[in-house]
Amino acid sequence: MKRYLQFWLILTGTMLLAVAACNLVADPYGLFRLVDEPGFNRIKPSAGAHGTMAKAYQVLRVQPRGLILGNSRAEVGFDPEYEAWPADSRPVFNLALPGTGTETTVRFLQHVLANDNAGSKVVPKVVVWGIDFMDFLIDARTSRRIAVTSKEGNRLLTNLDGSPNPTRALQQARDYLESTLTLGAFIDAIETLGHQGDPYAVDLTPLGFNPMRDYLKITADEGYWAVFRQRDLENVKAYLRRPKDIFDADGHSSPRLDDLRRVLSLCRQHGIALHLIIYPYHSHLMEIIRITGHWPAFEDWKRAITHIVGTEAGRRGEPPVLLWDFSGFDELTTEAVPGKNDRQARMHWYWEAGHFKRELGNLILDRIFTLADAGDQFGTLLRPENVEAQITLLRAQEAEYRKSHPRDVAELESIAEQIKFRRRDLRNH
């Protein structure tokens, strides 16, 4: 009996070690990067689903001089390896996190700034933060901070108040164990090794960028019309659920705007140049903002963030804080969506209305770092003295778009009416 138990203990231990070794080498989430070889384990199909965990550790190892913050729009749109990044800002790490808001941005920036890897503290020179209008919408009556989840917060170096996080070591141990000794990690490791030759595999690069290779196949198989229609539906539903306030009950600020102030303060304290990017929303999404009744809040949001940047940015001699507005109706953001039955046409600038391609992100980086003319009226520096003129211009552009694209607008309005009707019907029953 004793020998039998010894046999099974040895067998179980050997199997656990084999699983751990496989998971450690294949590294399905990009957590360790001990082995990182093209054709073997470079592509990480499972990393995106664990991006918040993987990026929290990887950004500390990279010690970036340039940093990208934001949500999924920034993760897929801003390439950290694009040539326009200044030499003194490399390496650049894409720390944008899908589905997260402004507090997460604050927490992860604090995390990076607290990093003291082997006694060598590297502070970013440049931060590019994609700020999303939807993230700033609140209900003024019930405005409250949206806290970072405990697991996400526990793996960061600091607490929200900037003090050291005493729970991090335990969470790090849990993350490492779950990434090496679990069956789920083993399955993901096998999938990682098996997808290295797949040109359409989902991926998250060592510098945190999502190249969206899976969308190459999706758009080829289904066509851009279907992908846009699905995203339009999702956007309409999302905005119809959202409140329409920017400020809380006192009418002066909100937790989200306070997060913006905190990022400005952190960058000023550490001598970091900050570029705030209002995303180049596709015209479909701009129309959805109007159709769902959020246009006044959109204008108020631009006024609010312009005021904050204008009054709280760095003084002369300090690194700049620049607010770039790429929203509008121009030849880029009004890119035509191919027809319903067209599977051959390819869009150059957008995957769908919610996400722009790296090609458009590259134009933005060209614009902000070289002040290059990337198209007529593409990208405007917002300042207190020009924000009202820009808002007036945008209203005129939107009115002209409705006249020149009546079919697109009618389809979006029809989607919104159908969703509203279904909701009324559900409430009545």
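For the structure, see preceding data.
The model shown is predicted, which means the values in this text are computed figures rather than measured ones.

Novice: A description of the overall build of the chain should follow, citing residues and the corresponding values.
Specialist: Of the regular secondary structure elements, the chain holds 15 helices and eight strands. Taken over the C-alpha trace, the chain has a radius of gyration of 23 Å; the compact-globule value for 429 residues is 22 Å, and the two agree within 12%. Projected onto the principal axes, the alpha-carbon positions of the chain cover approximately 85 × 55 × 50 Å. For the chain, the proportion of contacts with a sequence separation of at least 24, taken over those separated by at least 6, is 78%. Summing over all exposed atoms, the chain offers an accessible surface of approximately 19800 Å²; the carbon and sulfur share of this is 54%. Computing the positive centroid from 53 side-chain charges and the negative centroid from 55, the chain places the two 5 Å apart.

Novice: Tell me about the pattern of salt bridges, and please be specific about residues and values.
Specialist: For the structure on display, the rule yields 22 salt bridges. For Asp36, the salt bridge is made with Arg42, and the minimal N-O distance between the two is 3.1 Å. Connected via shared salt-bridge partners are Glu287, Arg290, Glu398, Arg402 and Glu413.

Novice: Describe the pairing of strand 1 (residues 66-69), with residues and values.
Specialist: Neither face of strand 1 is exposed, since Gly66 and Ile68 on one face and Leu67 and Leu69 on the opposite face are all buried. Handedness of the β-α-β unit built from strand 1, helix 3 (residues 72-77) and strand 2 (residues 92-94) comes out right-handed. Summarising the sheet, strand 1 and strand 3 (residues 126-131) pair through four bridges and their orientation is parallel. What sits directly across from Leu67, in strand 3, is Val127.

Novice: A description of the sheet that holds strand 3 should follow, citing residues and the corresponding values.
Specialist: Strand order in this open sheet of six strands is 2-1-3-4-5-8, and the pairing throughout is mixed. What marks the edges here is a single partner per strand, and that holds for strand 2 and strand 8 (380-381). In this structure, strand 3 lies alongside strand 4 (residues 273-278), joined through six bridges in parallel fashion. Of the residues in strand 4, the one forming a bridge with Val127 is Leu274. Its contacts with the sheet place helix 10 (residues 255-269) against strand 3, strand 4 and strand 5 (321-325), and it is angled at close to 150 degrees to strand 4.

Novice: Break down a nonpolar patch on the surface for me, with residues and values.
Specialist: Together, Leu24, Val25, Leu34, Phe40, Ile190 and Leu193 make up a nonpolar patch on the protein surface, roughly 480 Å² of accessible area in all. Every element with two or more residues in the nonpolar patch is listed here: helix 1 (2-26) and helix 7 (183-194). Structurally, Leu193 is set in helix 7.

Novice: If you had to explain helix 4 (residues 102-113) to someone new, which residues and values would you point to?
Specialist: The terminal C-alpha atoms of helix 4, which comprises twelve residues, lie 17 Å apart, in line with the 16 Å expected from a rise of 1.5 Å per residue. Burial runs high along helix 4: twelve of the twelve residues are buried. Among all positions of helix 4, only Thr102, Glu103, Thr104, Thr105, Val106, Arg107, Phe108, Leu109, Gln110, His111, Val112 and Leu113 are buried. Buried positions along helix 4 lie against helix 2 (51-62), strand 1, strand 3, helix 5 (150-154), helix 6 (168-180) and helix 10.

Novice: Any details on the pairing of strand 5? Residues and values, ideally.
Specialist: Burial runs high along strand 5: four of the five residues are buried. Bridge count for strand 5 against strand 8 is two bridges, and the pairing is antiparallel. Bridging across to strand 8, Trp324 finds its partner in Leu381.

Novice: Describe the environment of Phe32, naming the residues involved and giving the relevant values.
Specialist: Locating Phe32 in the fold gives a position in the loop between helix 1 and helix 2. Judged by its relative accessible area of 11%, Phe32 is buried. Once you skip the residues sitting within four places of it in the chain, Phe32 turns out to touch Leu24, Asp27, Arg61, Tyr176, Ser179 and Thr180.

Novice: Quick rundown of the packing of aromatic side chains? Include the residues and the values.
Specialist: Per the counting criterion, the structure on display carries 17 aromatic pairs. Ring plane angle 55 degrees and centroid distance 4.9 Å describe the contact between Phe326 and Phe378, whose orientation is recorded as tilted. You can see Phe326 sitting in the loop between strand 5 and strand 6 (350-352) and its partner Phe378 sitting in the loop between helix 13 (358-370) and strand 8, a full 52 residues away along the chain. Judged by relative accessible area, which is 1%, Phe326 ranks as buried. Geometrically, the ring pair formed by Phe329 and Tyr401 is tilted, given 5.2 Å between the ring centres and 40 degrees between the ring planes.

What counts and what doesn't
Each chain carries its own residue numbering, running from 1 in the written order of its sequence. Since the coordinates come from a predicted model, pLDDT governs what is reported: local features require at least 70, and pairs of side-chain atoms require 80 or more to be given and counted, while whole-chain, interface and lining totals use all residues. Values shown for side chains rest on all heavy atoms present in the structure; no hydrogens or waters enter the calculation. A run of H or I in DSSP becomes a helix once it reaches four residues, and a run of E becomes a strand once it reaches two; helices and strands are each numbered from the N terminus. The globule rule used here is 2.2 Å times the number of residues to the 0.38 power, and the radius of gyration it is set against is calculated over C-alpha atoms. Throughout, a residue-residue contact means that at least one pair of heavy atoms, one from each residue, lies within 4.5 Å. The Shrake-Rupley method, run with a 1.4 Å probe, gives the accessible areas here. Residue values count only the displayed protein chains as cover. We score Asp and Glu as negative and Lys and Arg as positive, and we do not count His or the chain ends. The location of each charge is read from NZ of Lys, CZ of Arg, CG of Asp or CD of Glu. Any carboxyl oxygen of Asp or Glu within 4 Å of a side-chain nitrogen of Lys or Arg constitutes a salt bridge here. Classification of residues uses two cut-offs on accessible area relative to the type maximum, computed with a 1.4 Å probe and protein chains only: under 20% is buried, over 50% is exposed, and between them is partly exposed. Here the term right-handed applies to a crossover when the path leading from its first strand over the helix to its second strand runs clockwise, the strands being oriented away from the viewer. Any two strands between which DSSP finds at least two bridges are classified as paired. Here the axes come from fitting lines to C-alpha atoms, over the contacting stretch only for helices, and the angles between their N-to-C directions go from 0 to 180 degrees. Surface patches are defined over residues having more than 30% relative accessible area and no salt bridge, joining like charges when they lie within 9 Å and nonpolar side chains (Val, Leu, Ile, Met, Phe, Trp, Tyr) when within 5 Å. Expected helix span is given by 1.5 Å per residue-to-residue step, counting one fewer step than there are residues. What counts as a ring pair is set by centres within 6.5 Å for rings of Phe, Tyr and Trp (its six-membered ring), and what kind of pair is set by the plane angle: stacked under 30 degrees, edge-to-face over 60, tilted for all other angles.

By themselves, these are just geometric observations and shouldn't be taken as functional.
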